[in-house]
Amino acid sequence: MIVPLPTRIVRRSKGFTLDCGTSVRVTPGAEQAARLLRALLRPATGLPLPIADHGQIVMALDAKLVGLGAEGYALTVNEHGVLLRAGTAAGLVHGVQTIRQLLPVEALRSSRVSEVDWTLPGADIRDVPRLPWRGFMLDVARHFQPVHVVRRFIDLMALHKLNVLHLHLTDDQGWRMPVPSRPLLSSVGGWRTETNGDGVPHGGTYTRGELEGLVAHAAERGIRIMPEIEMPGHARAALAAYPDLGFAQQRLPVWTRWGISDSAFGLHAMGFIREVLAEVLEVFPGSHVHLGGDECLMPEDVHGEFLRQAGGFLLDRGRVPAAWEPTGDPRAVVMPWKDETQATKALERGQDVVMAPHTSTYLDYPRSDGAHEPPGQPGFVVTTRDVYHVPLPDGVLGAQCQLWTEHVRTREHLEYLAFPRLVALADTLWSQRPEWEGFTTRMRLHSSRLAELSIPAEVRREPCEHS
Ligand code: ACM
């Protein structure tokens, strides 16, 4: 009952029991995956799992292995031990997550459990993902999310073999990306006086060290972070700090309401944009940087020119721009969020596409139409089943779920909205033959894993929820 469902799993009669005498043998390059296995199993099991020459768990990185691609792995458990092999470090860490799921569910607990038999059932697994982009977008701009919350999301993504964390770092209501040459972005743009008249100031910012820590934490788990700096619209927090950069050059505070603002960077802000992107590239080494590009009330030609220049800056430096709308450059990745025709058109132009349609991937919509649901984005309900059936036209790189946080402030609320819908996304993108009935069966066991991880099955309504 591994989630997402492995490509092939054959049960063997005899399994292997981990105990205090179990150690891990690694080939060069597999050390990090071994450390991850130990770090993940230690809290619940207390097992030391040292690295040793004669370990019963063997982790082998072998670039010559065929058929496993950039992220696949092969895992055998029998009475003699465990053999995990992959052609890449990412494949090994996905295999580590499978080992974790093969153990009794108590292995996921964050505190010591006694009297559990840590037996891995005998199995031969060969596992390769169907699609290479399995993402999750977290909006840390509308409501700031502290580092520990983001770290925990990375851990939860890794358990489900998701591999791209898209951080929506800037918007009208808050700027979270530190840029040393532009300190007002954080000190002014990072704060708003209130939200929809609640009278309560809200804000926060990350330090460069914190962001680098998140990048490293994610990389150790096979996840890359794609930062998003919104432009030219959704820019009011930055323009509160530096009004001269605006299309209208008007002095307005960081926005305290939700919706589509009419604030946007002018083309003359391109020098500033390059400064910001240069810092972004230093902090985030991943291949893609998201430039936003959506919901901008500015003439189409200026909008297009803006994104073309910003995207060109990234391409010149070996990175790939991504955007919510086509940027005019066929090398940019498009994330269709409105409907499938956006995707069809981009695919016809030969562009890379990651599906993000709001009707099946926006997790700020309620999970059901039940009266118990906490307040969310009005207009739709997105069920777990809707996410499972996200449209995936031939040729797309994959898909991602979006968690916008206008209505979400707490970790509990975020996780309630993310799970189990994010599990459905992971299963449908990873499995070679996704199948809803089978998923719901596996979800029954998997729910107990989510419970061990203290993922809330319900949330209390907040007393002064602002909508
Ligand atoms: C979006 O929802 N404006 C991308």
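Nothing here was measured: the structure is a model prediction, and the numbers come from that model.

**Structural notes on the overall build of the protein chain**
Secondary structure summary: the protein chain contains 14 helices and 20 strands in total. Taken against the 2.2 N^0.38 rule, which gives 23 Å for 467 residues, the C-alpha radius of gyration of the protein chain at 23 Å falls within 12% of a compact globule. Reported as C-alpha extents along the three principal axes, the dimensions of the protein chain are approximately 70 × 50 × 40 Å. A buried classification covers 58% of the 467 residues belonging to the protein chain. Taken as a whole, the protein chain presents about 18200 Å² of accessible surface, with 52% of it coming from carbon and sulfur. Charge-centre separation for the protein chain: the mean point of 48 positive side chains lies 6 Å from the mean point of 54 negative side chains.

**Comments concerning the UniProt feature "domain: Beta-hexosaminidase bacterial type N-terminal" (unreviewed entry) in the protein chain**
Per the UniProt record, "domain: Beta-hexosaminidase bacterial type N-terminal" (unreviewed entry) is found at residues 2-127. Here residues 2-127 is 23% helix and 26% strand, with 11 Å between the C-alpha atoms at its ends.

**Remarks on the packing of aromatic side chains**
Under the defined criterion, the tally for this structure stands at 15 aromatic pairs. With a centroid separation of 5.0 Å and an interplanar angle of 20°, the aromatic rings of Phe136 and Phe153 are classed as stacked. In this pair, Phe136 sits in strand 9 (residues 133-139) while Phe153 sits in helix 3 (residues 147-159), placing the two residues 17 residues apart along the sequence. The pair Phe136 / Phe153 is uniform in exposure class, with both members buried. Arranged with centres 5.6 Å apart and planes meeting at 45°, the rings of Trp324 and Trp404 form a pair that is tilted.

**Looking at the sheet that holds strand 9**
The parallel open sheet is built from eight strands, whose spatial order is 18-17-16-15-10-9-20-19. The sheet is open, and its two borders are formed by strand 18 (333-334) and strand 19 (354-355), each paired with just one other strand. Lying on the sheet, helix 3 is in contact with strand 9, strand 10 (164-168) and strand 15 (224-231); it crosses strand 10 at an angle near 155°.

**Concerning the packing of helix 7 (residues 270-283) against helix 8 (residues 300-316)**
Geometrically, a packed helix pair is captured by the angle between its two axes and the distance between the axes. Where helix 7 contacts helix 8, the two axes come as close as 10 Å, and the packing angle between them is 35°. Helix-helix and strand crossings are classified by hand; for helix 7 and helix 8 the assignment is right-handed. In this structure, helix 7 contributes Met270, Ile273, Arg274, Leu277, Ala278 and Leu281 to the contact, and helix 8 contributes Phe306, Gln309, Ala310, Phe313 and Leu314.

**Observations concerning the side chain of Asp139**
Take Asp139: it is sitting in strand 9. Among the residues examined, Asp139 registers a relative accessible area of 0% and is labelled buried. For Asp139, the side chain forms a polar contact with the main-chain nitrogen of Ala141, separated by 2.9 Å. Once you skip the residues sitting within four places of it in the chain, Asp139 turns out to touch Gln145, His168, Leu403, Trp404, Thr405 and Glu406.

**Observations regarding the pattern of salt bridges**
All told, the structure shown has 19 salt bridges when counted by the stated rule. Arg221 serves as the salt-bridge partner of Asp155, at 3.1 Å between the closest nitrogen and oxygen. Of this pair, Asp155 sits in helix 3 while Arg221 is found in the loop between helix 5 (208-220) and strand 15, placing the two residues 66 residues apart along the sequence. By relative accessible area, Asp155 is classed as partly exposed at 30%. A salt bridge links Arg182 to Glu275; the nearest nitrogen and oxygen atoms lie 3.0 Å apart. Highlighted residues: Arg182 in the loop between strand 12 (174-175) and helix 4 (184-187) and Glu275 in helix 7, separated in sequence by 93 residues. Residue class for Glu275 comes out partly exposed when judged on its relative accessible area of 30%. Beyond isolated ion pairs, a larger network of salt bridges with shared partners links Asp139, Arg142, Asp171 and Glu406.

**Observations concerning the sheet that holds strand 4 (residues 57-61)**
The strand order across the open sheet formed by six strands is 1-8-5-6-4-3, and the pairing between neighbours is mixed. Of all strands in the sheet, those bounded by a partner on one side alone are strand 1 (8-11) and strand 3 (24-26). Averaged over all neighbouring strand pairs, the angle between strand axes comes to 10°, with direction disregarded. As paired strands, strand 5 (residues 73-78) and strand 8 (residues 123-127) are joined by five bridges and run antiparallel to one another. By the bridge assignment for strand 8, Ala74 is matched with Arg126. Helix 1 (residues 31-45) contacts strand 3 and strand 4 of the sheet and is inclined by roughly 140° relative to strand 4.

**Focus: the pairing of strand 4**
By the criterion of burial, strand 4 is predominantly enclosed, with four of the five residues buried. With three bridges connecting them, strand 3 and strand 4 associate as parallel partners. Each bridged residue has a counterpart across the sheet, and for Val24 the counterpart in strand 4 is Ile57. Considered for its hand, the β-α-β crossover made up of strand 3, helix 1 and strand 4 is left-handed. The pairing of strand 4 with strand 6 (residues 81-86) spans five bridges and is classified as parallel.

**Some words on helix 14 (residues 436-452)**
Over its 17 residues, helix 14 runs 24 Å from end to end, which matches the ideal 24 Å to within 8%, given 1.5 Å per residue. Arg444 marks the point of greatest bend in helix 14, at about 40°. For helix 14, the set of buried residues is Trp436, Gly438, Phe439, Arg442, Met443, His446, Arg449, Leu450 and Glu452. At its buried positions, helix 14 is contacted by helix 2 (89-102), helix 11 (384-388) and helix 13 (421-430). Capping the start of helix 14 is the job of one residue whose side-chain oxygen sits 3.3 Å from the backbone nitrogen of Glu437: Glu435. Two residues or fewer after helix 14 comes Ser454, characterised by a positive phi angle close to 60°.

**Thoughts on the pairing of strand 8**
Counting buried positions over the five residues of strand 8 gives four, a clear majority of the element. Pairing of strand 1 with strand 8, which is carried by four bridges, proceeds in the antiparallel orientation. Each residue of the ladder has a partner; that of Arg11, found in strand 8, is Ala123.

Cut-offs applied
- Residues numbered from 1 in each chain as written.
- Predicted model: local features only at pLDDT ≥ 70, side-chain atom pairs only at ≥ 80, totals over all residues.
- Heavy atoms only, no water.
- Helix = DSSP H or I, 4+ residues; strand = E, 2+ residues; numbered from the N terminus.
- Rg over C-alpha atoms; globule rule 2.2 N^0.38 Å.
- Buried < 20%, exposed > 50% of the residue type's maximum accessible area, 1.4 Å probe, protein only.
- Areas by Shrake-Rupley, 256 points an atom, 1.4 Å probe, with all protein chains shown as cover.
- Lys, Arg positive; Asp, Glu negative; His and termini not counted.
- Charge placed at Lys NZ, Arg CZ, Asp CG, Glu CD.
- UniProt positions renumbered as here; feature names shortened; annotations may be inferred.
- Phe/Tyr/Trp six-rings, centres within 6.5 Å; stacked < 30°, edge-to-face > 60°.
- Pairing = 2+ DSSP bridges.
- Contact = heavy atoms within 4.5 Å.
- Axes fitted to C-alpha atoms, helices over the stretch in contact; angles between N-to-C directions.
- Left-handed = near helix turned anticlockwise from the far one by under 90°.
- Polar contact = N/O pair within 3.5 Å; in protein donor to acceptor, adjacent residues only side chain to side chain.
- Salt bridge = Lys/Arg side-chain N within 4 Å of Asp/Glu carboxyl O.
- Right-handed = clockwise from strand over helix to strand, strands pointing away.
- Expected span 1.5 Å × (residues − 1).
- Bend = angle between axes of the 7 residues up to and from the residue.

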